[in-house]
Amino acid sequence: MKKLLLILTTLFALTACKPEPKQIAFEGKTMGTTYHIKYIDDGSVKNLPKAEEVQAQLDQLLKTVNDEMSTYQKDSQITQFNQSREVNVPFSISTDFAKVVEEAIRLNKVTEGALDVTVGPLVNLWGFGPDKRLNKVPSAEQISERAARVGIDKISVDFSDNDRKNGKGLLTKKVPELYLDLSSIAKGFGVDKLAEHLEKLGLANYLVEIGGELRGKGNNLQGQAWKIAIEQPTFAQGQAAQITVPLHNLGMATSGNYRNYFEDEQGNRLSHIIDPKALAPVRHNLASITVLAPTTMTADGLSTGLFVLGAEKALEVAEREKLPVFLIIKNGETFETQMSSEFKKLIN
């Protein structure tokens, strides 16, 4: 009897000492937008830093990403590369920078040229970059002059195994005025960077968001997969106001023309997303597209490229590449939604 009491007492003590899981949440500013972090501390990670220490570590990682890839920083690596006029001369960059460019080049092929990170000169010309915002449509001569600087074939990245070990890569331009703009993919990479750091700390349940781009792993405090709600248009008749997507170790990104745009002299609404083939802002009825992928960097780049392609072509590529995508399409004064086969599997 005494032995039984001792066992029960020991079990009670162990149970009583086990802390209740708790959700840690904090937010901040980065990349011209905000970030929000959530993770579950269930007591299983020994010596887990305090929340303010974790946030300080993540802020430093974001600062590094900006120092390397922000065109808005005059001293960033990408700004120095863009200002350089040396052609066919390798420019030393960080491993992360090289990784992002490498993925952007790959996604250029996947999206049939629609994602082009060399489109910066046109982005600036149309008033959506660090340059002063324009209030009128550029001339044909201006567009032609900038177009000569654009093309994924005008850039190359050397990212060998040896370079990876040394923490660097080499970037080369083939025209002096080439201007690299990673805004379509770097924010997603920032999300991945934070997620990877949380995993290094031993955390298995987290949700990271920067400016609407997300990555989730594990479960929330209720023991369920992190679920993200996509707002459906109020004009989409017969459909729920929201559709929820579980982030089972996935990244998620959305691109659209409903926020960042300007109107030309005729009152036409011009998207901030540039079609590298048309050399102008996209003009079609796709209002937004949401893409899920193993990393947010990939989802971010794909969402931009597929948005450029328009609804019909985007769905064609999504089916071919087995990509989960959700589209909101504007038809006159109403909206409709479509989704790929892989997206249907996710929500079902």
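Residues numbered from 1 in each chain as written. Predicted model: local features only at pLDDT ≥ 70, side-chain atom pairs only at ≥ 80, totals over all residues. Heavy atoms only, no water.

The strand order E3-E5-E4 describes an open sheet built from three strands, whose pairing is antiparallel. Since the sheet does not close on itself, it has two edges, and those belong to strand E3 (91-94) and strand E4 (155-158), each with one partner. Across this sheet, the average inter-strand angle for adjacent strands is 30°, counted without regard to direction. Examined bridge by bridge, E3 and strand E5 (residues 168-173) share four bridges and lie antiparallel to one another. Considered in E5, the bridge of Ile-93 is made with Gly-169. Contacting E3, E4 and E5, helix H4 (residues 95-110) runs over the sheet at an angle of about 100° to E3. (Pairing = 2+ DSSP bridges. Helix = DSSP H or I, 4+ residues; strand = E, 2+ residues; numbered from the N terminus. Axes fitted to C-alpha atoms, helices over the stretch in contact; angles between N-to-C directions. Contact = heavy atoms within 4.5 Å.)

Looking along a regular strand, one sees the side chains alternate between the two faces of the sheet. Within strand E16 (residues 325-331), five of the seven residues are buried, which leaves it mostly tucked inside the rest of the structure. With five bridges joining them, strand E15 (residues 286-293) and E16 adopt antiparallel strand pairing. Note on E16: the bridge partner recorded for Leu-286 is Ile-329. Both E16 and strand E17 (residues 334-339) contribute to a ladder of six bridges, which runs antiparallel. Considered in E17, the bridge of Ile-329 is made with Glu-336. Taken together, E16 and the strand that follows it, E17, pair antiparallel across an intervening segment of two residues, in which Gly-332 is found at a positive phi of about 65°. (Buried < 20%, exposed > 50% of the residue type's maximum accessible area, 1.4 Å probe, protein only.)

A few words now on the sheet that holds strand E7 (residues 213-217). What the eight strands build is an open sheet, ordered E1-E2-E6-E7-E10-E15-E16-E17; its pairing is antiparallel. Because the sheet does not close on itself, it has two edges, and the strands there are strand E1 (22-30) and E17. For this sheet the average axis-to-axis angle between neighbouring strands, irrespective of direction, equals 10°. Bridge analysis of E1 against strand E2 (residues 33-41) gives nine bridges, and the strand direction is antiparallel. Across the sheet, the residue bridging to Thr-30 is Thr-33, located in E2. Helix-sheet contacts for helix H9 (residues 296-309) involve E7, strand E10 (250-256), E15 and E16, and the interaxial angle to E15 is about 150°. Against the sheet, helix H10 (residues 311-321) contacts E15, E16 and E17, and its axis sits at roughly 165° relative to E16.

A pair can form between side chains of opposite charge whenever their charged atoms are brought close. Using the criterion set out here, one finds 13 salt bridges in the structure. Salt-bridge contacts for Arg-106 lead to Glu-103; the nearest nitrogen and oxygen are separated by 2.8 Å. In this pair, Arg-106 and Glu-103 are both assigned in helix H4, three residues apart and thus about one turn of the helix distant. Taking the relative accessible area as the measure of exposure, Arg-106 reaches 41% and is therefore partly exposed. By relative accessible area, Glu-103 is classed as buried at 11%. Among the salt bridges present, the one from Glu-145 reaches Arg-149, with a minimum N-O distance of 2.6 Å. You can call Glu-145 partly exposed: its relative accessible area is 39%. One network of salt bridges, in which partners are shared, links Glu-112, Lys-313, Glu-316, Arg-320 and Glu-321. (Salt bridge = Lys/Arg side-chain N within 4 Å of Asp/Glu carboxyl O.)

Moving on, we get to helix H8 (residues 186-200). Three or four residues apart is the spacing at which side chains of an α-helix point the same way, because the helix has 3.6 residues per turn. An ideal rise of 1.5 Å per residue puts 21 Å on 15 residues; H8 measures up with 21 Å between its terminal C-alpha atoms. In terms of residue burial, H8 counts as a mostly covered element, since eleven of its 15 residues are buried. Turning to H8, its buried residues number three or more, namely Ala-186, Gly-188, Phe-189, Gly-190, Val-191, Asp-192, Lys-193, Leu-194, Ala-195, His-197 and Leu-198. Looking one or two residues beyond H8, the residue adopting positive phi is Gly-202, at roughly 100°. (Expected span 1.5 Å × (residues − 1).)

Structurally, His-36 can be placed in strand E2. The exposure class assigned to His-36 is partly exposed, which follows from its relative accessible area of 33%. Placed eleven residues apart in sequence, His-36 and Ala-25 show a C-alpha to C-alpha distance of 7.4 Å.

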